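# A look at the structure
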Amino acid sequence: MIFLTPLRKAPEGSDMKVRGSMTVFAALLFMLVASLLFALLEAARVNMLEAYANMTSEMAVESVFAEYQPGLWEDYHLLCLDGAYGGTAFSEEYVTGALDTRIRMNLDTQGDGSRIMELAYTSAIPEEYQVLTDGNGRVFLQCISDYMQENLPLMAVQALYERYAGEQAIEEGKSVDDSVQNAKEALEEVQRQKKVRTQNENPIDTVLSCKQSLLLGMVVKDVESLSAQKLVQADCLQKRVLQSGTNTQIPEVEWYDRILVLEYADNFFSDYSAPQNDRALAYELEYVVCGKASDRENLEAVVERLLLAREAANVIHIMLNQEKRLVISEAAVALAGATANPAVVKVVEYGLIGAWAYAESILDIRALLCGDRIALIKNEEQWTSSLMNLSQILEGSLCASDCEGGWSYQDYLKGFLLTMTERNLAYRMMDVMEQNIRRTYAYRNCRMDHMLSAASYMITYEADSLFWNFSILPHNDIGSLQYQMMQSFSYY
């Protein structure tokens, strides 16, 4: 209970002062209430300072990563921070220094921790970070997948996967070279034994003769007009020591991601059908597929793969077509002789199948390079060549018939990309990007293994306690407050 002495009213006209008094208990109670209020104020201040520290850290990190590499965004719509800041050497200190500057700018006071809502910045320590080349390029592929997910629905991606996977199964077929060569040797043995030579045109000899010629010369109208651009392979990602990040938690690349990457490459990379002569390479997708030094070498390697794929598909067509099998049987008997060993006739048949498939494949590739489409497995109406005039067909400029709904040259390229390892696919794509970006003088030192895609920092602040110092409650001088904020940033 509080006891207060009643105040006496001073007489009128008197200069007597009015006096009051308070008991010790009341005074102590007042101080306890005041201390409680100061404690509540300090608790509220602690929470507000924590929110302020978090906001300041977030603003600073986002401000630093807003300085993304312009060339990579403008040309390829990928966001990354150059960890070398335009220089030749990557350093965490560049990014940390920029972060220090942003934090101090965001703290709008002197930073000595002496005012009610004032923090003193202590340090920013990088915890972990990722660069595009981490995980054998999986970080790069995931970044592309994340970018593309908003542009391609799942159902479309699944249909594309089934389409390209079908081409992969066809491509696994073997070359017809062995069957053609075996047939030629068998016929030569028959001719030596009988000491006679056939007067009929031999499709096997025709094809073997053509195989000695330059393959590009058979499928490209003007070989001299092909691009002569080259890359310095010694500077490619697979030939040098790469900067690596510290974050090892890298997700796997699923089939969905792989299809998105293929569509991205089709959108942003050039190829023989649509060359870009103002870039480091004119045939960029061909380089990604084959990894050769020059455009011409890459195109030739792609044509060789196309030949294998089309030969396998055309052999399937011949084997399933009864009319063509009958034509081949008759031709084999005519070439080997009616009395030849049936085993020899069978070898010649296989050689003729290979020769015919090869000739049709040459016509297919000519059509593909001209922008036409070719069915994965042809029907009778889509077949172009005949067995007994292969020499005229191969020596001319005849192309296979355009197949509505068939595969284009770009479709075949994407089918080849689907079979590549993650490392080859990612690193070769980054080679192309890196070399193109370097063509701008300001970005001449660009390296894809310097490009940060994600990072996290431990940022520390201090602030002196304020209201708690006025409290009479026991606190043993708690000193300054310390805030540690884990701030992470990822472009994707």
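Heads up: the structure comes first, above all this text.
Residues numbered from 1 in each chain as written. Predicted model: local features only at pLDDT ≥ 70, side-chain atom pairs only at ≥ 80, totals over all residues. Heavy atoms only, no water.

## Structural notes on helix H12 (residues 322–336)
Compared with an ideal rise of 1.5 Å per residue, which puts 15 residues at 21 Å, H12 spans 21 Å between its outermost C-alpha atoms and is within 8% of the ideal. Residues of H12 that are buried include every one of Lys324, Ile328, Ala331, Ala332, Leu335 and Ala336, and no others. Considered in projection along H12, the buried side chains sweep an arc of 115 degrees and stay on one side of the axis. Residues of H12 that are exposed and point over 90 degrees away from its buried face: Gln322, Glu323, Leu326 and Glu330. Capping the start of H12, Asn321 holds a side-chain oxygen 3.1 Å from the backbone nitrogen of Glu323, two or three residues further along. (Helix = DSSP H or I, 4+ residues; strand = E, 2+ residues; numbered from the N terminus. Expected span 1.5 Å × (residues − 1). Buried < 20%, exposed > 50% of the residue type's maximum accessible area, 1.4 Å probe, protein only. Arc of directions from axis to C-beta. Polar contact = N/O pair within 3.5 Å; in protein donor to acceptor, adjacent residues only side chain to side chain.)

## Considerations on a nonpolar patch on the surface
On the surface, a nonpolar cluster with roughly 660 Å² of combined accessible area is contributed by Phe25, Leu29, Leu32, Val33, Leu36, Leu37 and Leu40. Within the secondary structure, Phe25 is located in helix H1 (residues 24–65). (Patch = residues over 30% accessible without salt bridge, like charges linked within 9 Å, V, L, I, M, F, W, Y side chains within 5 Å. Areas by Shrake-Rupley, 256 points an atom, 1.4 Å probe, with all protein chains shown as cover. Salt bridge = Lys/Arg side-chain N within 4 Å of Asp/Glu carboxyl O.)

## Some remarks on the nonpolar core
Counting residues in each nonpolar core, the largest one holds 102 residues, and the members touching the most others are Leu72, Leu132, Phe140, Tyr264, Phe269 and Met429. Here this core gets 16 residues from one element, more than from any other, and that element is helix H13 (residues 342–369). Not counting chain neighbours up to four residues away, the residues in contact with Leu132 comprise Leu72, Cys80, Gly137, Val139, Phe140, Cys143, Met430, Met448, Met451 and Ser453. Within the second largest apolar cluster, 30 residues are counted, among which are Ala53, Leu81, Ala455 and Ala463. (Core = buried A, V, L, I, M, F, W, Y, C linked by side-chain atoms within 4.5 Å. Contact = heavy atoms within 4.5 Å.)

## Concerning the packing of aromatic side chains
Any aromatic ring pair is given by two values, namely how distant the centres are and how the planes are angled relative to each other. Counted by the stated rule, this structure contains 17 aromatic pairs. Seen from their ring centres, Tyr68 and Trp73 are 6.5 Å apart, and the 65 degrees between their planes marks the pair as edge-to-face. Among the residues examined, Tyr68 registers a relative accessible area of 33% and is labelled partly exposed. With relative accessibility at 32%, the residue Trp73 sits in the partly exposed group. Ring geometry for Tyr85 against Tyr94: centres 6.4 Å apart, planes inclined by 65 degrees, an arrangement best described as edge-to-face. With a relative accessible area of 41%, Tyr94 lands in the partly exposed category. An aromatic cluster of three or more residues is present, and its members are Tyr76, Tyr147, Tyr264, Phe268 and Phe269. Taking the ring centre of Phe416 as reference, the NZ or CZ of Arg305 above it sits at 4.4 Å. In this structure, Arg444 packs its charged tip against the face of Tyr441, placed 4.0 Å from the ring centre. (Phe/Tyr/Trp six-rings, centres within 6.5 Å; stacked < 30°, edge-to-face > 60°. Lys NZ or Arg CZ within 6 Å of the ring centre and 35° of its normal.)

## Thoughts on the packing of helix H9 (residues 255–268) against helix H16 (residues 422–437)
Following both chains from N to C, one finds H9 and H16 inclined at 25 degrees, their axes separated by 13 Å at the closest point. As far as their axial angle goes, H16 and H9 are roughly parallel. In this structure, the crossing between H9 and H16 has a hand that is left-handed. Across the interface between the two elements, Arg258, Val261, Tyr264 and Ala265 of H9 pack against Glu422, Leu425, Met429 and Met433 of H16. Here the residues of the contact of H9 with H16 sort into six nonpolar, no polar and two charged. (Axes fitted to C-alpha atoms, helices over the stretch in contact; angles between N-to-C directions. Parallel < 35°, antiparallel > 145°, perpendicular 65-115°, else oblique. Left-handed = near helix turned anticlockwise from the far one by under 90°. Nonpolar A, V, L, I, M, F, W, Y, C, P; charged D, E, K, R; others polar.)

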